[in-house]
Amino acid sequence: MSIDFTQKQSVVPAIGVVETAHLTSPMNPWDCEKNPPSWDAMHTQLNLPKATGYNQSTVCLDGHPDAILNKTALLWVSATHEVEHHSFLELSLASNQVANALTALGTNPQDRIFLFLERIPELYVSFFGGLKCHAILCPIFPAFGPEALLDRLQDAEASIVFTSPALKPRIDAIASQVPSLKTIVVVDRAHQWQPNPSASVQELDYYQWIAPQSRQFTVAHTPAETPSIMHYTSGTTGKPKGALHQHGACIAQAATAQWVLDLSVNDVYWCTADPGWVTGTSYGIFGPWALGVTQLVFEGAFKPETWYSILERFNVSVWYTAPTALRMLMKHGSDLPKSYQFKALRHICSVGEPLNPEAIVWGRDVFDQEIYDTWWQTETGSIHITNRIGLPVRLGSMGKPFPGVEACVLDDTFTPLPLGSEGALALKSAAPSMFKTYWNNQSKYESRFKNGWYLTGDRASVDTDGYFWFVGREDDVINTAGHLVGPFEVESALVHHPAVAEAGVIGLPCPERMEVIKAYISLKTGFVETPELLKEIALFVRSKLAAHAMPREIEVIESLPKTRSGKIMRRVLKARALGLPEGDTSTLEEV
Ligand code: WT7
């Protein structure tokens, strides 16, 4: 099946767009084993003065030499398959306009600016515009509902939100509960939307707002430790926490983009993650653009034919995706990919969940490529344990620590275990991408460090050759299709439904999505279990939180197993769901 991709003029007039040919990389392929990388070498390669500081926007856009500035930075494919090319220079100049507009609005360094947008070019332009003003940028996954938005905007005390006409109603629904929110900037690519002058929060049309602004802006360099972006991540208890990152992170992101993703200037690279997740910023913005690489961004949703057509039509050479996506492609068989020609594709990496051996074997068959599994977290900001060129892939292992990272497994007293044992995966990371803190929650941040080790929350083992093997999570956090979901958030959404008295939420193993969400609920008196009611409850969670947080199964039980202090015992629910022994239930009270 072939898809018709229509070439479209850029919204920002194209300036000397050239294709990526004729630029040579200094050394390729990168082989950590033969020639270990270092953070210092990356500073030198990117020409970044450690002493005076820099700005991630200069590293990724303005600071590039002309040959890079004039080539395509963003090869954008819209949801309806229209294609736009945006050069590094265009993104640089347009983000200058946004920076000037933000300055005129009175934006101060470290103000929290949220980006709640589809994957459109203006998302990237606004992102850099904010960084140029030293604001803290918080991109949010566009599938999030009002409840999920409220938790994040309130916690961060957001001052500005960039959004689109389609997504704005979800901001409007909560704006009155976020007193810090001063301005909503609306990006309407159809140029139909009009601001409401009497709205309680100032509304601005993005294009009209930036139009009078100069395309020049002097970016003040800043120490590497200056905060730059924040991603919210879910834990077992409480609301999601904002992991705060810094400008200096781009050193680690560029180094790993080069040495693990194997990127160099001639590549056309496609990272399938949305910038609302850390993969979509670290490797969908910073790492590749710091190296001057052309990135393809596809606005639309997953569909096997579309994805294969994109890989083929745009000569994608390096592809960073997720195990669930690979498994969904696998489900559609091998004949479909074999009907395409992936002539340029030469390197594939995966992240977010364990990459099962079958997917690697399938990748060898249909792409004639190894798929390199990479492990990291929102908190680490860059790839920390990984497979890579020069290290033979062991099916099912996530590889070895990236040079500069020390990793081990610990016992219950936080002491390193001998090789071969299973324990808590811990890191000593010298990477400048490690998070600085959890926003408003320094004590939670400190609780992640023990005996000098950063506790990842994962369980793993290391074999005698130093390869790491993922075992599972240490906590109740659910990993569904590579997205972490906190059971507490889903339980809180469930009990907001008028029929639900109590709720306990667990992850059930799923061959495709790693885990799916199962909710146990008890009903309030007067409500009767019907398939319609359960469906309504599931959709209620979806509308409040997000599609990926919706329980795929809901089971009504009389009462939930609780400790004497009233805490729901998810462990017992999980054991029941899996038909396993329920373990120590001495503190159990089930009434
Ligand atoms: C958690 C972090 C960082 C990218 C996206 C997820 C799980 C991540 C792997 C892998 C097994 C993995 C871990 C980790 N995870 N990569 N290669 N193999 N598990 O970021 O949302 O912060 O999730 O995802 O459990 O702790 P995140």
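Residues numbered from 1 in each chain as written. Predicted model: local features only at pLDDT ≥ 70, side-chain atom pairs only at ≥ 80, totals over all residues. Heavy atoms only, no water.

Novice: When you look at the overall build of the protein in this model, what are you seeing that I'm missing?
Specialist: Of the regular secondary structure elements, the protein holds 18 helices and 30 strands. With the principal axes as the frame, the protein shows a C-alpha extent of 70 × 65 × 55 Å. Contacts spanning at least 24 positions in sequence make up 70% of the contacts within the protein whose residues lie at least 6 apart. For the protein, the accessible area works out to roughly 22,600 Å², and carbon and sulfur atoms hold 53% of it. (Helix = DSSP H or I, 4+ residues; strand = E, 2+ residues; numbered from the N terminus. Contact = heavy atoms within 4.5 Å. Areas by Shrake-Rupley, 256 points an atom, 1.4 Å probe, with all protein chains shown as cover.)

Novice: Looking at this structure, I do not really get the site of the ligand. What am I missing?
Specialist: Of all residues adjacent to the ligand, which total 17 residues, the nearest are D373, T374, Q377, T378 and D458. G352 is positioned such that a nitrogen or oxygen atom in its backbone is 3.2 Å from a nitrogen atom of the ligand. Protein coverage of the free-state accessible area of the ligand, which is 560 Å², stands at 96%. Among the elements of the structure, α10 (278–290), β15 (371–375) and β23 (468–473) are those that each provide at least two residues to the shell around the ligand. Looking at the shell around the ligand element by element, the count peaks at three residues for β15. Residues of the shell around the ligand, tallied by class, amount to seven nonpolar, six polar and four charged. (Near = heavy atom within 4 Å. Polar contact = N/O pair within 3.5 Å; in protein donor to acceptor, adjacent residues only side chain to side chain. Nonpolar A, V, L, I, M, F, W, Y, C, P; charged D, E, K, R; others polar.)

Novice: Is there a simple way to explain the environment of W289 in this structure?
Specialist: The topology assignment puts W289 in helix α10. Exposure remark for W289: the relative accessible area of 0% places this residue in the buried category. Excluding residues that lie within four positions of it along the chain, W289 makes contacts with V59, C60, H64, A73, L74, F88, L91, Y124, F128 and Q295. (Buried < 20%, exposed > 50% of the residue type's maximum accessible area, 1.4 Å probe, protein only.)

Novice: Got a minute to help me understand the confidence of the model for the protein in this structure?
Specialist: For any part of a model where pLDDT is low, the fine detail of the predicted coordinates should not be relied upon. Overall, the prediction assigns the protein a mean pLDDT of 92, with 94% of residues at 70 or greater. Per-element mean pLDDT across the protein ranges from 58 in strand β30 (residues 588–589) up to 99 in strand β4 (residues 112–116). Taken together, the stretch residues 9–28 has pLDDT below 50 and engages in 53 contacts with residues farther than four places along the chain or on a different chain. (pLDDT = per-residue confidence, 0-100.)

Novice: I would appreciate a short explanation of the packing of aromatic side chains in the present structure.
Specialist: Geometry of an aromatic ring pair is reported as the spacing of the ring centres plus the angle between the planes. One pass over the full model with this rule turns up 30 aromatic pairs. Between F128 and W289, the ring centres sit 6.0 Å apart and the planes meet at 45°, which makes this aromatic pair tilted. Of this pair, F128 sits in helix α5 (residues 121–132) while W289 is found in helix α10, placing the two residues 161 residues apart along the sequence. The buried category is assigned to F128, whose relative accessible area is 1%. These aromatic residues form a ring-pair network of at least three members: W270, F302, W307, Y308, W319, Y340, F342, W362 and F367. The ring of F144 carries R152 above its face, with NZ or CZ at 4.4 Å from the centroid. (Phe/Tyr/Trp six-rings, centres within 6.5 Å; stacked < 30°, edge-to-face > 60°. Lys NZ or Arg CZ within 6 Å of the ring centre and 35° of its normal.)

Novice: In this structure, what is going on with the nonpolar core? I would like to understand it.
Specialist: Generally speaking, nonpolar side chains in soluble globular proteins are found buried as a group. With 127 residues, the main nonpolar core has F162, W289, W319, Y320 and F367 as its most contacted residues. For W319, the contacting residues outside a window of four places in its chain are W270, T272, W307, L311, L326, L329, L345, H347, I348, C349 and F367. If you look at the next biggest cluster of nonpolar residues, it comprises 52 residues, including C138, L167, L534 and V541. (Core = buried A, V, L, I, M, F, W, Y, C linked by side-chain atoms within 4.5 Å.)

Novice: What is the right way to read the pairing of strand β5 (residues 136–139) from this model?
Specialist: The two faces of the sheet receive side chains in turn, since in a regular strand these alternate between them. Neither face of β5 is exposed, since I136 and C138 on one face and L137 and P139 on the opposite face are all buried. Bridge count for β4 against β5 is four bridges, and the pairing is parallel. Across the sheet, R112 pairs through a bridge with I136, a residue of β5. On the question of chirality, the crossover connecting β4 to the parallel β5 by way of α5 is right-handed. (Pairing = 2+ DSSP bridges. Right-handed = clockwise from strand over helix to strand, strands pointing away.)

Novice: How should α10 be read in this particular structure?
Specialist: The α-helix winds at 3.6 residues per turn, so residues separated by three or four positions along the chain end up facing the same way. A large share of α10 lies buried, amounting to 13 of its 13 residues. One or two steps after α10, the chain reaches G292, where phi turns positive at roughly 75°.

Novice: Is there a simple way to explain the side chain of H245 in this structure?
Specialist: When you line up the elements, H245 lands in strand β10 (residues 241–246). The class of H245 is buried, set by a relative accessible area of 3%. A polar atom in the side chain of H245 sits 2.9 Å from the backbone oxygen of T378. Once residues lying within four places of it in the same chain are set aside, the contact partners of H245 are T226, P227, S228, I229, T378, E379, T380, G381, S433, M434, F435 and K436.

Novice: Would you mind going over the pattern of salt bridges with me for this structure?
Specialist: When the charged atoms of two side chains lie near each other, side chains of opposite charge can form a pair. Applying the stated rule across the entire model yields 29 salt bridges. A salt bridge links E370 to R364; the nearest nitrogen and oxygen atoms lie 2.6 Å apart. With a relative accessible area of 22%, E370 lands in the partly exposed category. With its nearest N and O atoms 2.9 Å apart, the salt bridge here joins R473 to D475. Since its relative accessible area comes to 22%, R473 is described here as partly exposed. In the salt-bridge network here, residues are joined through shared partners; they are E84, E122 and R189. (Salt bridge = Lys/Arg side-chain N within 4 Å of Asp/Glu carboxyl O.)

Novice: Hey, could you run me through the sheet that holds strand β17 (residues 400–401) in this one?
Specialist: Strand order in the open sheet made by the ten strands is β1-β3-β2-β12-β11-β13-β14-β15-β16-β17, with mixed pairing throughout. Since the sheet does not close on itself, it has two edges, and those belong to β1 (6–7) and β17, each with one partner. By the bridge criterion, four bridges tie strand β2 (residues 72–77) to strand β12 (residues 294–298) in an arrangement that is parallel. By the bridge assignment, L74 is partnered in β12 with Q295. The strands that α5 touches are β2, β3 (82–87) and β12; relative to β2, the one it contacts most, it runs at about 145°. Seen against the sheet, helix α11 (residues 304–313) touches β1, β11 (268–271), β12 and β13 (318–321) and runs at an angle of roughly 160° to β12. (Axes fitted to C-alpha atoms, helices over the stretch in contact; angles between N-to-C directions.)

Novice: I tried to follow the environment of L508 on my own but got confused; where do I start?
Specialist: By the secondary structure assignment, L508 is in strand β26 (residues 500–510). For L508, a relative accessible area of 12% puts it in the buried group. Sequence separation between L508 and E536 is 28 residues; the distance between their C-alpha atoms is 21 Å. Non-local contacts of L508, meaning those with residues more than four positions away in its chain, are made with M514, E515, V516, K518, E553, A577 and L578.

Novice: Help me out: how do you make sense of the state of the cysteines in this one?
Specialist: Think of a disulfide as a covalent bridge from one cysteine sulfur atom to another cysteine sulfur atom. Enumeration over the complete set of coordinates arrives at zero disulfides. Free cysteine C60: the closest other cysteine sulfur is in C250, separated by 6.2 Å. Of the residues examined, C60 reaches a relative accessible area of 0% and is grouped as buried. Under the relative-accessibility criterion, C250 is labelled buried at 0%. (Disulfide = S-S within 2.5 Å.)

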